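Residue-level structure breakdown
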Amino acid sequence: MALLSPVSSSCLPRLCSQLAAHDAVVDTKSRVCLSSASSHLQRSLIHKCYLDKRESHGFKVSASVTADVSTAEVAVKSPIVKGDTWSIHKFGGTCVGTAQRIQNVANIVIEDSSERKLVVVSAMSKVTDMMYDLIEKAQSRDDSYEAALDAVFEKHKLTAVNLLDGDELASFLSVLTRDVHNLKAMLRAIYIAGHGTESFSAFVAGHGELWSAQILSAVLRKGGIDCTWMDTRDVLIVTPAGSNQVDPDYEESEQRLDNWLSQNPSKVVVATGFIASTPQNIPTTLKRDGSDFSAAIMGALFRARQVTIWTDVDGVYSADPRKVSEAVVLNTLSYQEAWEMSYFGANVLHPRTIIPVMQYDIPIVIRNIFNLSAPGTKICRAPIIEADVKQDSVAYVKGFATIDNLALVNVEGTGMAGVPGTASAIFAAVKDVGANVIMISQASSEHSVCFAVPEKEVNAVAKALEARFRQALSAGRLSQVAIIPNCSILAAVGQKMASTPGVSATLFNALAKANINIRAIAQGCSEYNITVVVKREDCVRALRAVHSRFYLSKTSIAVGIIGPGLIGATLLNQLRDQAAVLKEKSKTDLRVMGIIGSKKMLLSDTGIDLSNWKELQNEKGEKADLEKFVNHVHGNHFIPNTVLVDCTSSTDVADHYHDWLHTGIHIITPNKKANSGPLDKYLKLRARQRQSFTHYFYEATVGAGLPIMHTLRDLLQTGDKIIKIEGIFSGTLSYIFNSFVNTRAFSEVVMEAKAAGYTEPDPRDDLAGTDVARKVIILARECGLNLELSDIPVQSLVPDPLKETASVDDFMQQLPSYDPDIATKRQAAEDAGEVLRYVGVVDVKNQKGVVELQRYKKQHPFAQLSGSDNIIAFTTERYNKQPLIVRGPGAGAEVTAGGVFSDLLRLASNLGAPSC
């Protein structure tokens, strides 16, 4: 009996009940051929609806539907040759979302030079969701389903009117009107019944693809292309395969394709994505992401040359560009790499999309329909890498992907070790509650097994495990079933990655330097991924850290500048001038996210434009709030590393260092207060820095831009023993005593130094020697001496009566009256062939320090200085007869800011930036 009459609304309630009966049969996994009268009626009614639709779309239907025939026609040899003359294009809903975009798709198809083309299309953007919403509304007995369906009708009608004319337009509108009329009757039946079956939902939802395929094929014909359209339910046969999945029947589908091609010999075919049929010819879908799957299946059936997936991105990225702004488009991926990245949440393809094309080595190319100049990403079989070809670890890592909203389940106990079947019992219990296990990790001691599941399923899993192992838990053989919520998975993916020395070390090192704690690790022997579990709040920062470390992007550091005074402002200008060079040569992005002064602060989510930061601070600055400032700079999850640069001389700011280090913030400073303050605070600070795996650099605290601290650390770390460190540590006092010669008055030289900007606003701050004492303490503590600032005798150059003088002006006016005292000392030194120098000394051997005015022979290196230069002499066991000398400019904003900048670059190097 041929079923060719239009669908009658009177049969629709009966059809819905038959579809429900079909779903019940499918749910019980029955696969027997139904020969009873009722079964025959069920199949006939389903076919009646399906075949009537085909007839209404202009098909010649000659099949007789009986209970004993599984295929509509006997397979015939297709006159159309399959093979690499065919190219497959798939266009998603966004690509066909408007009339203009459908025209763009048609242009792309027309310009493709392939001999034969199959074009797989999705429904117009949002239409599939709208169709499912219609069903939901009808089931809920919401009368608005009719208005919603009218909106769908108008959307397609308007699109057709904008693209088509004449007979093509009239034909499509006739089909569209009939389809919508029938859908209203079907939805009315569901409205009355209050229930819709899975098969019915699939039948309704597939209309979006039917309409978009017909519109596109008509547009191509209008452009002079010999084109027809394919309802893939006539060709593609699938069977249910567990939860929300189907398996293609390739043998049956290939026979049906041959039959279809024999009747439709066009060289351009527009096919519906997403929809298919069951072996019983019941309409169904390929589930979500089904259109990509359709294209891959068609590629395999046609043995096509290539499958191109058109989307709205330039290709597959090395990481999610929404989380890593510097993510790059990958030129190629192997099938396995794409599979792994898809599984771990990368927006590439559904893993099952890759399966059909792999067996025929058909490449998949991901292209951007909105950027035709982008070549996209090619997914194909991986090239063979010769064993003797040396490649670094970076070459083996293609990208990174994440999965959020997970929980770890940890089952542990001494009774698990060596007991067969424990793991089987654990995962059997998990299976019974229908939970999906994302990752498994087990210690070789067999003491514990942990695995990740979606957070929404973890409570059911925990209850099932506690019920299954109640006796073992009571007896103590299992100690606990622990739940660790708020987790995310980070996966590194690449060919032969797991077996390449250095990859794992680089990955874990990057996470450690970003202060990321790893909860669990899994590394399969497939050599294609290394998976770690981290806290959810750390996930984006972890992703950025590993992405940067493998050179897929720049090493990015969020920088907060505290104190944009003379040194801070100079540093900002140096960063501005050097930023482009750093990005180009060392892949380092030092991004200033905030600047805070004593009254105002300037914050940015993406980085402050340093070319006009002063103007921005004046115009957009807000009231200074140090806590808010730190939270902003460190809270930017798009940059994995944070450093605060303290360019103040504030004790209050220095007191925050301990807490900042504890939260994973690196610190760089020329501020001497923290390292020369109370000894107990200093010791706690250094202990915290070591425990938190953060960096604390303070090169500029002692010698501005001179490598004094760096030299001292190198000596100590290479096993040398320090005997004594002495030096002229103050650029101000160096200038004063280098200029205090012949008959010049001391007060005259001090006034000259103040006018030249060498001294502090109050010269007594320099002449008192306290600044030099702080530098001595810093060096002494670096050598392991536990000294307080009060332990250092300091010879002040401020006359005692002038220490309490109220104003600077009064001090400067009264200072000349004390010139004779120091002039006498100068003369005595000259008479002995010596000069006066103000020095600091760390006597490591005797565990003491001193700051005083000393005399040196004119041949001594300390007597050879000029201007404001500093000089430091290291006497060690290696450098005993001839001390190691470090000499150079030791004062001024440029050199001090340069020392801070040098520390910034050292931090970047430690965090993974390559050397220039």
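In what follows, the structure referred to is the one given above.
The structure reproduced in this document is the subject of the present report. (Residues numbered from 1 in each chain as written. Predicted model: local features only at pLDDT ≥ 70, side-chain atom pairs only at ≥ 80, totals over all residues. Heavy atoms only, no water.)

**Structural notes on the pairing of strand β9 (residues 306-311)**
Note the cut-off: Only protein chains enter the accessibility calculation, which uses a 1.4 Å probe. A residue is then buried if its area is under 20% of the maximum for its type, exposed if over 50%, and partly exposed in between. For the purposes of this entry, the term helix denotes a DSSP run of H or I that reaches at least four residues, the term strand denotes a run of E that reaches at least two, and both are numbered from the N terminus. Note on pairing: DSSP must find at least two bridges between two strands before they are called paired.
For β9, the buried fraction is high: five of the six residues fall into the buried class. As defined by bridge partners, strand β1 (residues 86-91) adjoins β9 across five bridges and the pair is classed as parallel. By the bridge assignment, lysine 90 is partnered in β9 with isoleucine 309.

**Section: unusual backbone geometry**
Of note, the phi angle at arginine 141 is positive, near 60°, even though the residue is not glycine. You can see arginine 141 is positioned in the loop between α4 (127-139) and α5 (145-163). The class for arginine 141 is partly exposed, based on a relative accessible area of 47%. Backbone geometry at lysine 587 places phi at a positive 55°, although glycine is not the residue there. Position of lysine 587 relative to the elements: it lies in the loop between α19 (566-585) and β20 (588-596). Judged by its relative accessible area of 35%, lysine 587 falls in the partly exposed class.

**Quick word on the nonpolar core**
As a reminder, the rule being used: In these notes, a set of buried Ala, Val, Leu, Ile, Met, Phe, Trp, Tyr and Cys residues joined through side-chain atoms within 4.5 Å is what counts as a nonpolar core. Contact definition: two residues touch when any of their heavy atoms are within 4.5 Å.
In this structure, Tyr657, Trp660, Ile725, Ile736, Phe737, Leu767 and Leu779 are the most contacted members of the largest nonpolar core, which totals 68 residues. With seven residues, helix α31 (residues 770-782) is the largest single contributor of residues to this core. Leaving out residues up to four positions away in the same chain, tryptophan 660 has contacts with Ile562, Leu626, Val630, Leu644, Val653, Ile665 and Ile667. Counting residues in hydrophobic clusters, the runner-up holds 55 residues, among them Val152, Ala160, Ile215 and Trp310.

**Side note on the sheet that holds strand β17 (residues 518-523)**
In plain terms, the rule: Axis lines are fitted to C-alpha atoms, over the contacting stretch for helices. Their N-to-C directions set the angle, which ranges from 0 to 180 degrees.
Overall, antiparallel pairing links the six strands, which are arranged β14-β15-β13-β16-β18-β17 in an open sheet. One side of each edge strand has no neighbouring strand; the edge strands of this open sheet are β14 (439-442) and β17. Neighbour-to-neighbour, the strand axes of the sheet open up by a mean angle of 30°, direction not taken into account. Here seven bridges tie strand β13 (residues 399-412) to strand β15 (residues 448-454), and the two strands are oriented antiparallel to one another. Looking across to β15, one finds that asparagine 410 is bridged to cysteine 450. Sheet strands touched by helix α11 (residues 335-343): β13, β16 (480-493) and β18 (529-535). Its angle to β13, the strand with the most contacts, is close to 60°.

**With respect to the pattern of salt bridges**
Going by this rule: Salt bridge, as used here: a side-chain nitrogen of Lys or Arg that lies within 4 Å of a carboxyl oxygen of Asp or Glu.
Counted by the stated rule, this structure contains 38 salt bridges. Between arginine 381 and aspartate 361 there is a salt bridge, with the nearest N and O atoms lying 2.6 Å from each other. Placement of arginine 381 in the loop between β12 (377-380) and α13 (393-396) and of aspartate 361 in the loop between α12 (351-358) and β11 (364-368) is noted, with a sequence separation of 20 residues between them. Judged by relative accessible area, which is 42%, aspartate 361 ranks as partly exposed. Linking aspartate 771 and lysine 672 is a salt bridge whose minimum nitrogen-to-oxygen distance equals 3.1 Å. Of the two residues, aspartate 771 is situated in helix α31 and lysine 672 in the loop between β24 (666-668) and α24 (673-676); the sequence distance between them amounts to 99 residues.

**A word on the sheet that holds strand β19 (residues 555-562)**
Taken in spatial order, the seven strands of this open sheet run β22-β21-β20-β19-β23-β24-β25, and their pairing is mixed. Both edges of this open sheet fall to β22 (622-623) and β25 (696-697), since each of them pairs with a single strand only. Sheet strands touched by α19: β19, β20 and β23 (641-646). Its angle to β20, the strand with the most contacts, is close to 155°.

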